[in-house]
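# Chain and residue survey
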Amino acid sequence: MGYNAAIAGASGYAGGEVLRLLLDHPEIEIGAVTAAKNAGTPLIAHQPHLLPLADRILAPTDIDSLRGHDIVFLALPHGQSADIAQRLGDDVLVIDCGADFRLEDPGAWERFYGTPHAGTWPYGLPELPGQRERLTGAKRVAVPGCHVTVATLALFPGLAEQLVEPDLTVVAVTGTSGAGKAPKPNLIGSEVMGALTPYGVGGVHRHNPEIVQNLTAVTGEPVKLSFTPVLAPLPRGILATCTAPVKPGVTAEQVRAAYETTYADEPFVHLLPEGTWPSTAMTLAANTTLVQVTVDPDAGRMVVVAALDNLTKGTAGGAIQSANLALGLPEPTGLPLAAVAP
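Criteria and cut-off values
- Residues numbered from 1 in each chain as written.
- Predicted model: local features only at pLDDT ≥ 70, side-chain atom pairs only at ≥ 80, totals over all residues.
- Heavy atoms only, no water.
- Helix = DSSP H or I, 4+ residues; strand = E, 2+ residues; numbered from the N terminus.
- Buried < 20%, exposed > 50% of the residue type's maximum accessible area, 1.4 Å probe, protein only.
- Polar contact = N/O pair within 3.5 Å; in protein donor to acceptor, adjacent residues only side chain to side chain.
- Contact = heavy atoms within 4.5 Å.
- Core = buried A, V, L, I, M, F, W, Y, C linked by side-chain atoms within 4.5 Å.
- Pairing = 2+ DSSP bridges.
- Axes fitted to C-alpha atoms, helices over the stretch in contact; angles between N-to-C directions.
- Parallel < 35°, antiparallel > 145°, perpendicular 65-115°, else oblique.
- Left-handed = near helix turned anticlockwise from the far one by under 90°.

### So, the side chain of serine 65
Structurally, the position occupied by serine 65 is in helix α2 (residues 63-66). By relative accessible area, which is 15% here, serine 65 ends up buried. Of note is the side chain of serine 65, whose polar atom sits 2.9 Å from the backbone oxygen of proline 60. If we skip the residues at most four places from it in the chain, serine 65 touches Ala32, Thr34, Ala59 and Pro60.

Below, the structure is given as structure tokens:
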């Protein structure tokens, strides 16, 4: 028996990526595709790469368009998912690609997002300890932020094995699609091409509390985080360099062994051979996170470099990976391991 899915926000980058992946999913059929201001226009006008859906017209993002589906993927701006989710039945699997239900602390939500906290859903990062069990059979799933996914996967094995101090630095170079499809002056070609630009500096980026939440749960200790994202002239992809002080006596061999053990059986997280470092190109359009780890003995720090595609593993692929678990399907169903090159 297959499932049918509605995609809200189908004219945006995240919604378009969900659609691209679902076209190859053997168990999920694409139902309604919806948008807000683009309702009534052809989907192909906004997602010209999705030729199999060329006959689709975008419906309004309202409860009448979304009800009647087994699954609803919400690829909406932050703050818009809660109202819709409340009006969908408990029998519907709702996957929120936005931030509305990621944070557990209402105070952190209100500080970083400025609106009342809507609640907390099961968290869509299956690789975290215990998370697959929480996602299996779930009817509500909160998909992590893209920076959060790469930073969490890069750092948690070292913290979980108590090899490093919870004093973390993350610098993540990211492509422009992470800012969404709405026109913004700082994202036009003449501003972005040939430039690297930091943003959200000094602990103000909205992914800060989410990274801290994940890694505090792993280590059981308060986590300090310095996170600096850097906008790069790329359409998609994140390359994160993450460091933490190693505890006395910890060797590079111990650190690598922890990562080998943690990720040995993970379908979508791969520790690269020693001497090979990740590149965003190695993950393009694939639901993968590629990781390399070493220890800088002079600095006394573990250094992890990780790459993923922010739209695939960082958003839509992670959403479908979690949906597969919630539906009782094999976790890798419909998700690509092979990247696109060159």
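From this point, things continue past the structure.
### Things to note about the nonpolar core
Nonpolar side chains in soluble globular proteins generally cluster together in the buried interior. Within the largest apolar cluster, 41 residues are counted, with the highest numbers of intra-cluster contacts made by Leu155, Leu168, Leu215, Val255, Tyr259, Met302 and Val304. The greatest single-element share of this core, amounting to nine residues, is contributed by helix α6 (residues 146-160). With residues up to four places along the chain from it excluded, the contact list for leucine 155 reads Leu168, Val170, Leu215, Cys242, Tyr259 and Met302. Residues Ala10, Leu19, Phe73 and Val143 belong to the second largest nonpolar core, which totals 34 residues.

### Here's the deal with helix α1 (residues 13-22)
Counted residue by residue, α1 has seven buried out of ten residues, so it is predominantly covered. Turning to α1, its buried residues are Gly15, Gly16, Glu17, Val18, Leu19, Leu21 and Leu22.

### Some remarks on the sheet that holds strand β12 (residues 289-296)
Taken in spatial order, the seven strands make up an open sheet running β8-β9-β7-β10-β13-β12-β11, and their pairing is mixed. Each edge of the open sheet carries a strand with a single partner, namely β8 (197-198) and β11 (269-271). Relative to strand β9 (residues 224-231), β8 runs antiparallel, the two being bridged by two bridges. The residue of β9 that forms the bridge with proline 198 is valine 230. Sheet strands in contact with helix α8 (residues 208-219) are β7 (167-174) and β9, and its direction is about 135° off that of β9.

### Some details on the sheet that holds strand β1 (residues 3-8)
In space, the six strands of this open sheet follow the order β3-β2-β1-β4-β5-β6, with parallel pairing throughout. Pairing within the sheet leaves two strands with one partner each, and these edge strands are β3 (59-60) and β6 (140-142). Strand direction decides the pairing type here: β1 and strand β2 (residues 28-35), joined by five bridges, are parallel. Directly across from tyrosine 3, in β2, lies its bridge partner isoleucine 28. α1 rests against β1, β2 and β4 (71-74) of the sheet, and its axis sits at about 160° to β1. Strands in contact with helix α10 (residues 312-327) are β1, β2, β4, β5 (93-96) and β6; relative to β5, the strand with the most contacts, it is inclined by about 160°.

### Section: the packing of α6 against α8
As a packed pair, α6 and α8 sit with axes 9 Å apart at the nearest point and diverge in direction by 20°. As judged from the angle between their axes, α6 and α8 are roughly parallel. The handedness of the crossing between α6 and α8 comes out as right-handed. Between α6 and α8, the residues in contact are His147, Val148, Ala151, Thr152, Leu155, Phe156, Leu159 and Ala160 and Glu210, Ile211, Asn214, Leu215, Val218 and Thr219, respectively.

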